[in-house]
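# Structural characterization, general
What follows is the residue order along each chain.
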Amino acid sequence: MQRLSQYFYRKTSFWVVLITLALFVIYLVLVLPAEAARSDQVIGSAPSPDTSLYYSKAELYQIAETYGQEGRLYYVDSRITFDILWPLVYTFFLINAISWILNQTILEDSKLRLLNLVPLAGILFDYLENIASMVVMFRYPTPTDILASLAGVFTSLKWVFLGGSFLILVFAVVLWVGVRTSIIKTG
């Protein structure tokens, strides 16, 4: 873990952070709304597993039923296309932003530097959620009970680590501002 964390610290720079931030903003402003509109056309206002904090196996089967055949095929297709790239975009942004800011504020021997790896847990659980729910949607109405039960857990863990990553980023920014302010004051 230490080597991987150090790798990110070595590879990140201000420019890498700006590029990944630009990609993140482009996705937020252009790609996500377009994908939401496409989703509304196909499945309407039916709930989506990935935007829930948690759902049970029964709730996932109910969503699959509500989607119908066309909605389930759309869901599988969007997990293979859009939902492979989006987690990469937010993960690269978070890892680079956290790494760059913590590199400016945290001493090299501090265990806090490992916080730059938290987004990797987020992407792992996002992909596990996508795989589990995609298989359930693809096989429905044939039950896939183990994956259907795990999907909601994966979703919850994704949100814990993704939310935690953004909290770490806020913490890092506050720390960075505090360090910069104290440097300016002491001068």
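Above this text you will find the structure in question.
Residue indices begin from 1 for each chain and proceed along its sequence in written order. The predicted nature of this model means local features are confined to residues of pLDDT at least 70 and side-chain atom pairs, given and counted, to a pLDDT of 80 or more, with totals for whole chains, interfaces and linings taken over all residues. By convention in this description, side-chain values take in all heavy atoms of the structure and omit both hydrogens and water.

All right, on to the pattern of salt bridges then. The term salt bridge refers to a side-chain nitrogen of Lys or Arg lying within 4 Å of a carboxyl oxygen of Asp or Glu. A complete count under the given rule lists five salt bridges for this structure. Close ionic contact of Glu-35 with Arg-38 constitutes a salt bridge, the shortest N to O distance being 3.6 Å. Placement of both Glu-35 and Arg-38 in helix H2 (residues 14–43) is noted, with a separation of three residues, approximately one turn of the helix. The closest approach of N and O atoms between Glu-129 and Lys-158, which form a salt bridge, is 3.3 Å. On the criterion of sequence distance, the pair formed by Glu-129 in helix H5 (residues 118–139) and Lys-158 in helix H6 (residues 145–186) is long-range, its members being 29 residues apart. Throughout, exposure labels follow a simple rule: accessible area from a 1.4 Å probe, protein chains only, divided by the maximum for the residue type, with under 20% read as buried, over 50% as exposed, and the rest as partly exposed. The buried category is assigned to Glu-129, whose relative accessible area is 0%. Here Lys-158 falls in the buried class, since its relative accessible area comes to 3%. Elements are defined by DSSP. Helices are runs of H or I of four residues or more, strands are runs of E of two residues or more, and each kind is numbered from the N terminus.

Before going further, it helps to examine the nonpolar core. Joining through side-chain atoms within 4.5 Å is the link that ties buried Ala, Val, Leu, Ile, Met, Phe, Trp, Tyr and Cys residues into a set, and such a set is a nonpolar core. Counting residues in hydrophobic clusters, the biggest one holds 21 residues, and the most contacted among them are Phe-24, Trp-86, Tyr-90, Phe-93, Leu-94, Leu-102 and Leu-169. Of all elements in the fold, only H2, helix H4 (82–105) and H6 reach the threshold of two or more residues within this core. Here the element with the most residues in this core is H4; it accounts for 11 residues. Aside from chain neighbours lying at most four places away, what touches Leu-94 is Pro-119, Leu-162, Ser-165, Phe-166 and Leu-169. One finds Tyr-55, Tyr-74, Val-136 and Phe-154 within the second-largest nonpolar core, a separate group that totals 20 residues. We call two residues contacting when some pair of their heavy atoms lies within 4.5 Å.

Inspection of the secondary structure assignment puts Thr-12 in the loop between helix H1 (2–11) and H2. In this structure Thr-12 comes out as buried when scored by relative accessible area, which is 9%.

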